[in-house]
Amino acid sequence: MRKFFILAFLAALLAPTLALSGGKKFSGQAIAGGYKVSWGSLGRSGQAQRGLTPLAFFFIHANPSRSSNITESDWQREAQRLQTSVWTLKNVILKGNVYKTKNGNLAGCTYGAIQKGLCGKKLGLSVEQRAQIAQSVLARHKACRWVGFDPAYHARLSRQAGAANMSLHIQAKCR
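The structure contained in this document is the topic of the report that follows.

Cut-offs and rules
- Residues numbered from 1 in each chain as written.
- Predicted model: local features only at pLDDT ≥ 70, side-chain atom pairs only at ≥ 80, totals over all residues.
- Heavy atoms only, no water.
- Disulfide = S-S within 2.5 Å.
- Helix = DSSP H or I, 4+ residues; strand = E, 2+ residues; numbered from the N terminus.
- Core = buried A, V, L, I, M, F, W, Y, C linked by side-chain atoms within 4.5 Å.
- Buried < 20%, exposed > 50% of the residue type's maximum accessible area, 1.4 Å probe, protein only.
- Contact = heavy atoms within 4.5 Å.

Within this structure, the stated rule accounts for one disulfide. Across the disulfide from C144 sits C174; the S-S distance is 2.0 Å. Sign of the S-S torsion, about 110° for the bond between C144 and C174, identifies this disulfide as right-handed. Of the two residues, C144 sits in strand 6 (residues 144–146) while C174 sits in strand 7 (residues 167–174), which places them 30 residues apart along the sequence.

Structure follows, in structure tokens:
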């Protein structure tokens, strides 16, 4: 699923910092408030309080092309340049997570491109807004229950893991 490539890349970045636990894994994906939200449980690594599961939430725009001002004519021009169909370009090669380079070509959004602001407007979500969205997303999944938001916990883990402007770290009660 290339749509969540960026989120998977971010999760891979987290793995060395926060070792995955051998226990039960919890995860989910949702669209909320114009954002794609992907979340999953992380390993203990001494960070979560006893009895709670550390979760990381990652946020990207629900429609990255729209936020990057990519038009249908941009897709058509790129498809012609690559000698493929627009459908193949959108659904196989780039999957919509793109930005326009300086020379006008389309390129896939990587973690670095997002951090540099090349993939359209930045998320612009405050930590509090991310917490509200994460709480609403978690409420849809019965496996984990929101137990509150600890800004210090989030700050500590987001500094360690990177992607501080695109993520939220919480502790939840999971079954």
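Turning our attention to the nonpolar core. Residues L55, F57, F59 and L138 are the most contacted members of the largest nonpolar core, which totals 30 residues. Elements with a minimum of two residues in this core: strand 1 (27–32), strand 2 (35–41), strand 3 (53–61), helix 5 (111–115), helix 6 (127–139), strand 6 and strand 7. It is helix 6 that provides the largest number of residues to this core, a total of five residues. Excluding its chain neighbours within four sequence positions, the residues that come into contact with L138 are W39, L55, F57, C144, R145, W146, I170 and A172. With seven residues, the next largest nonpolar core counts I70, W75, L89 and V98 among its residues.

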